[in-house]
Structures are given as structure tokens and as C-alpha cells.
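The residues making up each chain are set out below.
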Amino acid sequence: MKHLVLPSILVLTWGTLVADDLNPVRFKEAPTHAPVVLVEGGQPKASICVMGKPDSAVNEVVNELVNAVEQATGAKLPVVKNKVVLPAIVIGNCDQAAAAGLVGGTMPIEGFAIKTAADCVFIVGHESSDDTPKPAVASSGTAWGTLEFLERFVNVRWYWPPDRGGRSIVKMSDLRLSPVWLEDAPAFRKREIWPPSGSSWNGSGQALGPIFKRLRAGNSWPVNIRVHQPDWSKVAEYTEQRPECFQLGSDGKRNFTMLCYSNPRTLETYLENIARVFDKGEKAPIGISGNTITVSPADAEIACVCPDCQKLWDPNAGRYGTASKIVASFVERLAGEVKKRWPDKTVIYLPYLNYTLAPAGIHFPGNVEVQICGMPGLAQYKEPAIAAEEQLNIDHWSAISGRKIQNWHYDCWPEDRTKAPYQYPHVIQAFYRANRDKTIGTFINGTQDHFPRQNISLYCWMKLLWNPDFNVDDATSEFTRRMFGPAAKTMAELLQIQIDGWEKSRWPDAMMSPKALYHVSYPPDTVKKMKALLARAQQETAGDALSAQRVEYYAAPFDAFVAEYETVVEGKGVRVLTAHKVPENPKIDGKLDDAVWQRAMETSLVKLVAGKEVEPKYATKVKAVWTAEGITYGFHMAEPAPQSLVRNITARDDSNAWWNDNIEIYIDATGKAGGQYYQWIINPNGIILDGRGEDASWNPEGVQAKSFVGEDFWSMEVFIPYSVFPELVRPGTGAEWFGQITRHRMSDAKRTPESIQENQKLNAKFGGYNRNLADFSPLRFLE
């Protein structure tokens, strides 16, 4: 069969659309017949014939086809079930399509074809139900083909949720197709994004609707993980009779939320449960999906101190590698046993947190698929050093497993740490082009509706997961042209500033920080220009309701962006902690009754409610003093039920530390505000979780912490010697550090119904994780 290469220009000729902003498809030699007329002069001339037993995906896109054609042309095409009424768009496998050479079962998984005949357009794809030797997978080829028809021939685009103005349809009076035959299938079979489009985000009650399906989100790959499984924390038989299967803390107690991956009993229990499922057909507490066995530790860092784990612990591997050999060695042993006993099964392993990096000396026996967490967030791959490190890790895990990997990427990172409206389509494009033959695809992990700030990036991300040859430059150009009417040129300029500011800037030490963002990526002149462009676009669309709605949607995140800029650059609204010099360090007993505390200036913590800082229900006062040896923080926390404080953690660096009542201290002692910080979480027992950045293996000496529990409060003193900081600005009048202070109050609602949980901060304006650097503020020293 002769294949045609069509010119890469926008052509609309009798309904055949070749557009640079669409995914490239394979055009085959077209049949010979007159153009197929579907709509003429705004009047329907054809039917939509749905064949077979369509699944929910096909039914959904057929409804979209009817609606979009009507919106574009004014004509509502009738839908006919299981018979062909010419002229027609015939959707699905049927005898007539087969006679034209289109059989879904012979197509690639998720693949489709669109082919015209006299008075007919066939859309046929591979379906999950197709009786083929291929594995039973979620294949929606016919739905994808129908969406391709909508994009290419009806000229529809979906840039963000349609109910918020994100669907673009071009008006036309006629819809007719010249003879055409095209085929396509996804380059990557895993194109998942979470939360799914039908879910409301963070309990907001507002769902995203069909946007992800319109962008062909799907997963037809048979090897799938059950994340953070198995969980044996509530299996009494194991917690009581097999405690050695669980992580050993520095206090000598077992942490039942995390497995010990070095103990032989853990592997034995894994295999027992696998046998119960596959050999006996029973249910068992083990992470199995189809023929895939999961190894995915609990959502916390590995911190087991048992002798076997400590032999494999690597303190020099950095924050993403200290525990890598512990879990990878377990996977290696498990996979060997699985290959002997269940050779048709696959093990899937999710490297994450401090076991993300591939360790040396490990080799899997060919039945392990690795799904790698891209810890910094894909947007930060704009930094060459980060991209190179991530690529090296992909290549190492692929070498260890001997097969392609899967990706677990985050669109919520680093959005959780800045309000900047960054865009990064070329970063995504570069990643998938580099890994075209190395990855199965991606699970994209979000936490909320990320479209307002990352709309065109998310659009391009889904398109690139279908085909990495998708042209993001043409897509962004067409996006602004189609969506913003009289403000198209202005919005194109604004978008380019957003893209260039993020993608082309280089941060000091490749480290994200407010200073990097607002002095390098989006400096003052750039922010000023962005504000002016938005104002101009609003003026330009004043008489165009739809374009104005879209500009407002796009502009919504910019208020928070400007507020963050004003806080970081101009210091507007920042709440500062001042440390006073005293002749001697206070006694660390948690009571704050030393005379030196009388010199200290007290500051109250606040909490974020509906985007505003408000006083918490349970007040927290903090102050600080310093000497030549170190700095001491003092906390006084209102607590009506101190007997109910959650304080069950007794081991250092317990990954569940934040789920006790606690105070938290972040310090950047360099004075540079360049993204470096040290963290301490301390519960009422004085037990510490400390870390350098996100590296919890950092355990400095000399830090002292002690609490005191009163009748209606508890208090704490924390002394931190300067010796823990490898680089610091020495305290003195005019010197500044940067940081954050927080209190996490757990609720005692079981005893006190009106009790509430609170997360309080020194600065809470920009929300997100407590480590959000935008909320870091100066710690000033006075003599």
C-alpha cells in the first residue's frame, strides 16, 4: 500500500484538514469517490450510525460529536443504532467497515482508522472486547478515532474543561470530506492523569468533566501498580505474630506502617500471600492487579535500623538513594522466586523518596517492571542538571530490569511551592522524545485542578503522550489564536513570556527558590510587563463575551502570582521573627521561665482559611534568643486538653512525625534565600525528625528539645547550635536568616467534639506544604 506524506501546512479542502497543531497521523492512499457531504448550508445531510455494542467511552464521544457538529454548523445529525443509513458517519466494527478493509481486531491496541467511501465515513478502532490474541486491556480505539475526526474534520480543540470555556469550535456552514484514509495509534499506552476527570478536586465539588478523555487519557498497558501496597498494618496476625516483618525504629519498637524489606520473614509472608491468590484463588493482603505483583512501600521514607537493613543503608547516596539497595534487594529476591513459581507473572516496583535512585550491584531476572517517581516534578527538568540526573536514573533502572520503565510524574510539583503561572511545553516534549523507546508511558499525579495555571502545558502533555512528534510551538500558537479573539496577539506574547521565563532561565545551583523565581525567571520588569499584557487583553476583549470569559479564566491565577511577587521582592505583608541576643542560653526544660526570655519579642502564628491568614482557635506564641553558641526557640501553645496530645512517637526520624502534635522549624542560615533549608519536627516527647532539604538521613548533633505540659497549654524550648550548619551568616545586628515556624495541632474530637485540627504558621499566605519557600520569612538578629 502506498503511503502519502502530506505537506505540513494548514489546509482545509473539502473537509480534509491537515493542521500543524494536530498529532501527526499516517495517511494512506485515499479511495476514489465524490466528497462525502455531512452538512450543507447548515442542514443535516447524514446520520451517525453507531454499530455493535458501544462502550461508555464511545457513547460519550458520540454525544460530543453530535453536540460539536451542531455547534459548528447548526445542524444536528441523527443517531442510528446498528444499521447504516447513507450518507453516514459509521462508528465501530461492522460488516460494511470490514468490507472496506477496516477491522478493529487487526489494529494496534488503542489504534484506529478513518476511511471514506461513497456517501460514507468509517471510524473503526481496536476495542477491549476484540477477540484477538492480544491481552485483555482497556483499549478505546473507536472513541479515539471519533475524537480524531472531531479535531481534524470538525475543527474542535479542548484546551481546558469545556464548561469553563475551554472548548474551541470554528463555525462553518458545510461539513464535507474529500476522500481520505488515515491510521493512528498511541506511542505510549500509559497516559493516565489523576484525579480522574469525573472527580471533584480536593472536595471542591466541581469536577473537571470530560477534558481528560477528550485528550485521550487512557491506559491499555497490562502491568499496573497498586500503590503503597501491601499494607499489613491492620493484619493482627502479622503485627502480633510476625513483628519482624515491620520496620525497626531507633527506640527499639516496630513501626507497623512500614515493612522491613531485609528480614527473610517479610519475603516469606509475601510469597505465602501470592500463593494464596494465584494457587488457591483466595483473597489475601497483597498488592496484586491481574498478573502483576506490587512492591510499593508506605508513603514515607525507609528508616529501618535493623542490622540487615543497616548493612544495605548507603549514607552517601543522597536524599533519593540512602535506602535504594534495601528495597531493590528485596525486589531482586522476590522476582527470583516469582520467576520460578509463577513464570507468567510480573513484579512492578515503584522507587520513591529515599529509594528512588537505582543502586549498583542489583540485577532483576527479567520479570520486573519499574515505575520511577520523577521526584522534582517534570517542570523542573528545565534545569539541565535535574534532567540529566533523572535521565541517568531511568537508564540505570532500565538496565537493571532489562525492559522499558514506566514513569510516575507530578504536575502538582512544583506548583505546590510557588504561585508563578509557569508553562513548560518544550520540557515535556524533550522528555518524551528522549524516552520514546524507553518508557511505557506516564501516570501524572495531581492534587487539584491544575488547568488554570498549566492549561496549555497539560494539553501538550497529553498530546505528547500520544505522539512525541506533536508540535508544541504550533499548538501554543493555535491556542492563543483560537481562544482569545481580538486579544490573540497580546495573549500570545504573554504566554511566550511565561514559557521563556521558566524554560530558558537557569537557577543558581539548579535550585528553585523565591529568589530564583523572582530575580531570574520572572524579575520585576517581567512581572510588570505580564500585568500590563493581561490588562490590555481584558480591554481588547471587552466586547467579545466568550473571549473575555477565556481571558478571565486564564488571568485568575495571576492575582496570587503578583501577591507572591510583592511579598518576596518587596516584603509586603511579611510577618518577621526577631531573635534577641542574651548573655547565656536558657535552660532547655520547656518552661520558658528563664529571665532571658523577658528580652525576647513574641510573635503569634496564624493559619490559612479561604485564602486569608486568620487567628487560629488555639493560639501559639513563638520567640527566639541567641548567643555565641546557638539559637533557642521558645513556644507557648494553648491546649484545652493537654492530656490528649498525640505523642505516640518515640523514635528519631519516624516518618509519621508530623501526625503527632508537633512544632516544626525550617531554617536557611545562609542568608541567601536560595532554596537551601534545614528542618526539624519535634513532638511533645522531644523526639526529633530532622532533615537537610528533603534528606531525612541528616542527623546533626547538639540539638536539644524539651517540652512542658501545663493545665491548659504546653510549651517547648529548642536549642540549635550553629555547628549544625555547614554554611551560615553569623548572627548580629542587621544579619538575617530565612525560615518558617509551624505548629500542627491534632484534634481530640473523640473527647471534645468542638475540637479541631490546625496547621499554624508564622506566614501562611501562600498555603501548600509547610516547606513552601514563598512563605519563608526573615529571621532577624538584634544585639
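Use the structure listed above.
Attention here is on the structure that accompanies the text.

The rules behind these values
Residues numbered from 1 in each chain as written. Predicted model: local features only at pLDDT ≥ 70, side-chain atom pairs only at ≥ 80, totals over all residues. Heavy atoms only, no water. Helix = DSSP H or I, 4+ residues; strand = E, 2+ residues; numbered from the N terminus. Buried < 20%, exposed > 50% of the residue type's maximum accessible area, 1.4 Å probe, protein only. Contact = heavy atoms within 4.5 Å. Phe/Tyr/Trp six-rings, centres within 6.5 Å; stacked < 30°, edge-to-face > 60°. Lys, Arg positive; Asp, Glu negative; His and termini not counted. Salt bridge = Lys/Arg side-chain N within 4 Å of Asp/Glu carboxyl O. Polar contact = N/O pair within 3.5 Å; in protein donor to acceptor, adjacent residues only side chain to side chain. Pairing = 2+ DSSP bridges.

Once that is clear, we can look at the environment of aspartate 119. By the element assignment, aspartate 119 lies in the loop between β10 (112–117) and β11 (120–125). By relative accessible area, which is 38% here, aspartate 119 ends up partly exposed. Sequence-wise, aspartate 119 and proline 35 are 84 residues apart; in three dimensions their C-alpha atoms are separated by 7.7 Å. Not counting residues up to four positions away in its chain, the partners in contact with aspartate 119 are Val36, Leu86, Pro87 and Ala88.

The subject of this paragraph is helix α14 (residues 514–521). For an α-helix, 3.6 residues make a turn, and residues three or four places apart therefore share a direction. Along α14, the residues classified as buried are Pro514, Ala516, Leu517, Tyr518 and Ser521. Buried positions along α14 lie against α13 (488–503), α15 (524–540) and α17 (558–570).

This part is about the packing of aromatic side chains. Under the criterion given, the structure shown has 46 aromatic pairs. Summarising the aromatic geometry, the rings of tyrosine 159 and phenylalanine 479 are spaced 5.0 Å apart at their centres and angled 65° between planes, so their arrangement reads as edge-to-face. Of this pair, tyrosine 159 sits in the loop between β12 (156–158) and β13 (167–169) while phenylalanine 479 is found in helix α12 (residues 472–483), placing the two residues 320 residues apart along the sequence. Grouping residues by exposure puts tyrosine 159 and phenylalanine 479 together as buried. Ring geometry for tryptophan 626 and phenylalanine 781: centres 5.8 Å apart, planes at 90°, overall edge-to-face. Separated by 155 residues along the polypeptide, tryptophan 626 in strand β30 (residues 620–626) and phenylalanine 781 in strand β39 (residues 777–782) bring together distant segments of the chain.

A few words on the side chain of glutamate 664. Along the polypeptide, glutamate 664 turns up in strand β32 (residues 662–668). There is no salt bridge for the buried glutamate 664, and the closest opposite charge comes from arginine 771, which lies 7.6 Å off by N-O distance. Within the structure, the side chain of glutamate 664 is placed 2.7 Å from the side chain of glutamine 679, a separation counted as a polar contact. Contact partners of glutamate 664, with chain neighbours within four places excluded, come to Trp658, Gln679, Trp680, Ile681, Gln740, Ile741, Thr742 and Asn770.

Here 3 strands make up an open sheet; going across it, the order is β6-β5-β14 and the pairing antiparallel. Each end of this open sheet is capped by a strand with a single partner; those strands are β6 (43–44) and β14 (175–177). Where strand β5 (residues 36–40) and β6 come together, 2 bridges link them in antiparallel fashion. The residue of β6 that forms the bridge with glutamate 40 is glutamine 43.

Spatially, β17-β16-β25-β24-β23-β22-β21-β20 is the arrangement adopted by the 8 strands of the open sheet, whose pairing is mixed. Two strands bound the open sheet, and with one partner strand each, they are β17 (218–219) and β20 (288–289). Taken together, the 2 bridges between β20 and strand β21 (residues 292–295) define a ladder with antiparallel strand orientation. Considered in β21, the bridge of serine 289 is made with threonine 292.

With that settled, consider the environment of histidine 228. Here histidine 228 shows up in the loop between β17 and α5 (236–241). In this structure histidine 228 comes out as partly exposed when scored by relative accessible area, which is 23%. For the pair histidine 228 and leucine 517, spaced 289 residues apart in the sequence, the C-alpha separation amounts to 34 Å. The contacts of histidine 228, once residues within four sequence positions are left out, are Ser296, Pro297, Ala298, Asp299 and Tyr352. Within polar-contact distance, the side chain of histidine 228 engages the backbone oxygen of proline 297 at 2.7 Å.

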